[in-house]
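# Topology and contacts: notes
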Amino acid sequence: MNEDNDHLEAALRSLTPRAPGGHVVAALHREFDKPVTGDSRSWFLKAGLLWAGAMSVCFVVFWGFSFARSGAVPDYRLIGVTQTQPSLDVFNPVQLEDGTYARPVRIHWNRSAQWEDPSTQTRLIHYQPEEKLALIPLEIF
Amino acid sequence: MSDAHAHQDWRAWFAENGARLKLIARQWTRSDADADDVVQEAFVRFWKHQRHMPGNPNALVVTSIRRAALDLLRRSDRRTAREKAVAADTETVGWFEPEADPRLQSLAESLELLPAEQREVVVLKIWGELTFDEIGEQLTISPNTAASRWRYAMETLRKLITARTYE
């Protein structure tokens, strides 16, 4: 069987495939005659540079995107609101324009609210002092 | 990278090998004209980008031919007029030069009748000058499968030749 195969293989090898058309040969010769402006070495170099450039751009875009994402859109959540006990200052009585008397008082307290971004463990604390002045009319008998 | 084939005369190389390259291309194309196109495109691609690579250029050229042929097949669904014009040529243009010996002529015609998967192994082994390992790489099959297809092809060829002899 192997001997048969050898004969068959030898017979196949003796066949002559048809040659490519003349236009193929002519086209190849034109290609060979062109001045070599970009052989494979410069092609590899260009490809390498393009690859490095593309990776740099990707890195910058990714980094910029991450930075913008973390900086521009913080995920702060309200974790607490507090208010201090109001304090009262009482001043000496004063006479008003209409001749009546009143005692000025000042009430002040502080309010604060806290937000926290769990992803960065950062806190935003909003501190707000509050103050009110009032006149308490005095009756003089 | 050093040029491994700096002194190679590629015109002479193609003149010597062009016919067998076209036969290889013919295995994956639908017409003689397509095979010409594929050989031209594949060889230009090889010559521009791979001719400096070390080793035997044959395997690289065969790989280039296969890629170009597959590219053409993918594009072929979108092509119309030209293919229709050459469609008739598919059946009329033989793959080999006419042989004076009727047994060889019969063998040439029988080869074209083989199942495609057997035929491409035969062509790659004889005219592609590839080993079964290299054929396996080209066709993404195991070397054992390539060798098995070769044996089936030889068996089928014998049957075809015998049948034609007694026609």
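All values derive from a computational prediction rather than experimental measurement.

## Topic: the overall build of chain B
Each helix and strand counted, chain B has nine helices and zero strands in total. In chain B, which comprises 167 residues, the proportion classed as buried is 47%. Sequence-distant contacts in chain B: of pairs separated by 6 or more residues, those separated by 24 or more amount to 67%. Of the roughly 8400 Å² that chain B leaves accessible, carbon and sulfur atoms contribute 52%.

## Looking at the environment of aspartate 98 of chain A
Tracing the backbone through its elements, the reader meets aspartate 98 of chain A in the loop between β3 (94-95) and β4 (101-117). Within the structure, aspartate 98 of chain A has its side chain in polar contact with the side chain of threonine 100 of chain A (distance 2.6 Å).

## Re the interface of chain A and chain B
Each side of the interface is counted separately: chain A has 32 residues, and chain B has 41 residues. Summed over both sides, the interface between chain A and chain B buries roughly 3400 Å², with carbon and sulfur atoms accounting for 66% of that surface. Linking chain A with chain B are four salt bridges. The closest approach of N and O atoms between glutamate 31 of chain A and lysine 48 of chain B, which form a salt bridge, is 3.4 Å. Connecting chain A to chain B are 10 residue pairs in polar contact (both at pLDDT 80 or more). Of all the secondary-structure elements, those providing two or more residues to the side of chain A that touches chain B are α1 (2-13), α2 (22-33) and α3 (40-72) of chain A.

## A word on the side chain of lysine 125 of chain B
Relative to the assigned elements, lysine 125 of chain B resides in helix α7 (residues 116-126). Residue lysine 125 of chain B is classed as buried on the basis of its relative accessible area of 18%. In contact with lysine 125 of chain B, other than residues within four places in its own chain, are Glu9 and Arg13 of chain A together with Leu130, Phe132, Ile135 and Trp150 of chain B.

## A closer look at the pairing of β4 of chain A
Residue and element names in this part refer to chain A. By the bridge criterion, six bridges tie strand β1 (residues 77-83) to β4 in an arrangement that is antiparallel. Along β4, the bridge assignment pairs valine 81 with alanine 113. Bridge count between strand β2 (residues 87-90) and β4: four bridges; the pairing is antiparallel. Across the sheet, the residue bridging to aspartate 89 is arginine 106, located in β4. With two bridges joining them, β3 and β4 adopt antiparallel strand pairing.

## Description of helix α2 (residues 32-49) of chain B
Taking 1.5 Å as the rise per residue, α2 of chain B with 18 residues should run 26 Å; its terminal C-alpha atoms sit 26 Å apart, in good agreement. Looking at α2 of chain B, one finds that the buried residues are Asp32, Asp34, Ala35, Asp36, Val38, Val39, Ala42, Phe43, Val44, Phe46 and Trp47 of chain B.

## Let's talk about the confidence of the model for chain B
Residues and elements named next belong to chain B. On average, chain B scores 86 in pLDDT, and the residues at 70 or more come to 85%. Here helix α4 (residues 81-87) stands out as the element of chain B with the lowest mean pLDDT, 54, in contrast to α7, whose mean of 95 is the highest. This complex was scored by the predictor with a pTM of 0.61 and an ipTM of 0.82.

## Details of the pattern of salt bridges
In the structure shown here, the tally under the stated rule is 20 salt bridges over all chains. For arginine 18 of chain A, the salt bridge identified is with glutamate 97 of chain B, shortest N-O distance 4.0 Å. A residue pair is termed interchain when its members come from two chains, as with arginine 18 of chain A in the loop between α1 and α2 and glutamate 97 of chain B in the loop between α5 (89-92) and α6 (102-113). Arginine 18 of chain A gets classed as partly exposed once you look at its relative accessible area, which sits at 27%. Note on glutamate 97 of chain B: relative accessible area 32%, which makes it partly exposed. A salt bridge links arginine 111 of chain A to glutamate 130 of chain A; its shortest N-O distance comes to 3.3 Å. On the criterion of sequence distance, the pair formed by arginine 111 of chain A in strand β4 and glutamate 130 of chain A in strand β5 (residues 122-138) is long-range, its members being 19 residues apart.

The rules behind each value
Residues numbered from 1 in each chain as written. Chains lettered and ligands numbered in written order. Predicted model: local features only at pLDDT ≥ 70, side-chain atom pairs only at ≥ 80, totals over all residues. Heavy atoms only, no water. Helix = DSSP H or I, 4+ residues; strand = E, 2+ residues; numbered from the N terminus. Buried < 20%, exposed > 50% of the residue type's maximum accessible area, 1.4 Å probe, protein only. Contact = heavy atoms within 4.5 Å. Areas by Shrake-Rupley, 256 points an atom, 1.4 Å probe, with all protein chains shown as cover. Polar contact = N/O pair within 3.5 Å; in protein donor to acceptor, adjacent residues only side chain to side chain. Buried area = accessible area lost by both parts, 1.4 Å probe. Salt bridge = Lys/Arg side-chain N within 4 Å of Asp/Glu carboxyl O. Pairing = 2+ DSSP bridges. Expected span 1.5 Å × (residues − 1). pLDDT = per-residue confidence, 0-100.

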